[in-house]
Structures are given as structure tokens and as C-alpha cells.
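# Tertiary structure, described
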Amino acid sequence: MKPHPPKKLPPIRMGNRSDLVRSQRIQLKAQHQAESKTRVRIYQDVLALLDIAERLTLDLSSHEDRFGIEWDALARQIDAQYKADVVKIVPGLHTLILSKDGAQNLPKGIYRDLLNFVDECLAFMKWARKPPGPENAPDGSTPSRKESQFMQAGKRFKQACLTMRQQICIFENERKSGEESFFG
């Protein structure tokens, strides 16, 4: 009896040129997958930060449920949880954008906007870690409205997230046909 041939045959070596083309194609495919992973992960982080920013700007201080329980204490717990989520996401996003893969695989037209966005996120994160008080206003001024300083900072953070999402969508609509998509 003859032994069965292996199911997966090794690539046939035809010569230098075909081997070179095959290896280049494999490298391009791996590079494309790395670019897609980087871009998709950054976009997912931007969307997660936008969702957190929207939840941080909810005002639950005047709400009560049907049993008369106030939502103020719950709102403080929600704020603390979402601040912790921001602290988890932003450093990873910052590292990803500044990494070699981020610098090489991100489109040059949007890379500067991403760096500015991460700087705004880091500023919000630093301000959110400070204890509340009038001297810790995010812009150094005292609010003239009834809104708390944290709500103002949350609204600025939400606006930065909305702007970044809009910049990514504008890039996707205006990108050249040869340019890689931001969505994978």
C-alpha cells in the first residue's frame, strides 16, 4: 500500500521571480490586516468614549423613581464608573496612536486630528481625577450658570468626541479610491 500524500502541499518553487511576488503578496496582506486592526480599534475607542461622554453629561440630579428614591447618589456612582472607564481607554488609545503601527498605518490627513483628540482626552482625564472644588475648574473660570463644573467639562469632552467621529466620517467620504478604509 502506498501512503497517502499529505493534504497540504508545500508551495511549488518556480524560480526567483515567482517566489518574490508570492512573498510580497503575503507581506502586503499582513500589512493590510495590521492597518485594518489599528484603524478599527481606534474607531471603536472613539465610539466608546463618545458613549461614555454622553452618559457623563446626563443630569440625574433632579430625577426620582416611582418609589421616591432620588437618583443623585446613583448619578455619583455612574460618574465614578464612567470616569474609571475613561481612565482605562484613553491611555491605550494614546499608546496605539503614538505607536509605530499607528504612525505608519493611520492616514496622514487625520493623524494630527487624532493627536489633538487624545490631548483633549488626557486633559479631561487629568481634570476628572482632581477632587471637585471651585479652584479645579477645567478652564480656570467660575461657572455663572447652575451647571456644575464637571458637567461643563463633560460637555466639552463630548463635543471633542463628536468632532473626532465627524472627522473620521468626513475622511471616509472623501478618501481616494486607493486609500485604505478606516472601518476595515
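Structure first, text after, so check above.
Let me begin by describing the structure that accompanies this report. (Residues numbered from 1 in each chain as written. Predicted model: local features only at pLDDT ≥ 70, side-chain atom pairs only at ≥ 80, totals over all residues. Heavy atoms only, no water.)

## Looking at the overall build of the chain
Of the regular secondary structure elements, the chain holds five helices and zero strands. Taken from the N to the C terminus, the helices and strands of the chain come in the order α-α-α-α-α. Counting only contacts in the chain whose residues sit at least 6 apart along the sequence, the fraction spanning at least 24 positions is 67%. As displayed, the chain offers around 12900 Å² of accessible surface, 55% of which is attributable to carbon and sulfur atoms. (Helix = DSSP H or I, 4+ residues; strand = E, 2+ residues; numbered from the N terminus. Contact = heavy atoms within 4.5 Å. Areas by Shrake-Rupley, 256 points an atom, 1.4 Å probe, with all protein chains shown as cover.)

## Focus: the nonpolar core
By size, the foremost hydrophobic cluster in this structure holds 35 residues, and its most contacted members are Ile 42, Leu 49, Ile 97, Phe 117, Phe 124 and Phe 157. Every element with two or more residues in this core is listed here: helix 1 (16-56), helix 2 (72-98), helix 4 (108-129) and helix 5 (149-174). Examining the composition of this core, we find that eleven residues originate from one element, helix 4, more than from any other. Excluding anything up to four places from it in sequence, Ile 97 contacts Ile 42, Gly 102, Ala 103, Leu 106, Tyr 111, Leu 114, Leu 115 and Val 118. (Core = buried A, V, L, I, M, F, W, Y, C linked by side-chain atoms within 4.5 Å. Buried < 20%, exposed > 50% of the residue type's maximum accessible area, 1.4 Å probe, protein only.)

## What about the packing of helix 4 against helix 5?
The contact between helix 4 and helix 5 brings their axes to 10 Å, and the two run at 165°. For the element pair helix 4 / helix 5, the angle class is roughly antiparallel. Regarding helix 4 and helix 5, the two cross each other, and that crossing is left-handed. Residues Ile 110, Asp 113, Leu 114, Phe 117, Glu 120, Cys 121, Phe 124, Trp 127 and Ala 128 of helix 4 form the contact with helix 5, whose own contacting residues are Gln 149, Phe 150, Ala 153, Gly 154, Phe 157, Ala 160, Cys 161, Met 164, Gln 167, Ile 168 and Phe 171. Of the residues belonging to the contact of helix 4 with helix 5, the class tally is 15 nonpolar, three polar and two charged. (Axes fitted to C-alpha atoms, helices over the stretch in contact; angles between N-to-C directions. Parallel < 35°, antiparallel > 145°, perpendicular 65-115°, else oblique. Left-handed = near helix turned anticlockwise from the far one by under 90°. Nonpolar A, V, L, I, M, F, W, Y, C, P; charged D, E, K, R; others polar.)

## A short note on the environment of Lys 158
Along the chain, the position of Lys 158 falls in helix 5. You can call Lys 158 partly exposed: its relative accessible area is 26%. Not counting residues within four places of it along the chain, the set of residues in contact with Lys 158 comprises Leu 50, Ala 53, Glu 54 and Thr 57.

## Details of the environment of Tyr 43
Residue position: Tyr 43 is located in helix 1. Exposure remark for Tyr 43: the relative accessible area of 15% places this residue in the buried category. When the C-alpha atoms of Tyr 43 and Met 164 are compared, they prove to be 9.4 Å apart, with 121 residues separating the residues in sequence.

## Thoughts on helix 4
In this model, helix 4 (22 residues) spans 32 Å end to end at C-alpha, consistent with the 32 Å of a helix rising 1.5 Å per residue. Those residues of helix 4 that fall on the buried side of the exposure criterion are Ile 110, Tyr 111, Leu 114, Leu 115, Phe 117, Val 118, Cys 121, Phe 124, Met 125, Trp 127 and Ala 128. (Expected span 1.5 Å × (residues − 1).)

## Observations regarding the state of the cysteines
All chains considered together, the criterion is met by zero disulfides. In this structure Cys 121 is not part of a disulfide, and its nearest cysteine sulfur, from Cys 161, lies 5.3 Å away. Here Cys 161 falls in the buried class, since its relative accessible area comes to 0%. (Disulfide = S-S within 2.5 Å.)

## Section: the pattern of salt bridges
According to the stated counting rule, one finds one salt bridge in the structure shown. Measuring nitrogen to oxygen at the nearest pair gives 3.1 Å for the salt bridge that ties Asp 51 to Arg 55. Of the two residues, Asp 51 and Arg 55 both sit in helix 1, four residues apart, roughly one turn of that helix. By relative accessible area, Arg 55 is classed as partly exposed at 37%. (Salt bridge = Lys/Arg side-chain N within 4 Å of Asp/Glu carboxyl O.)

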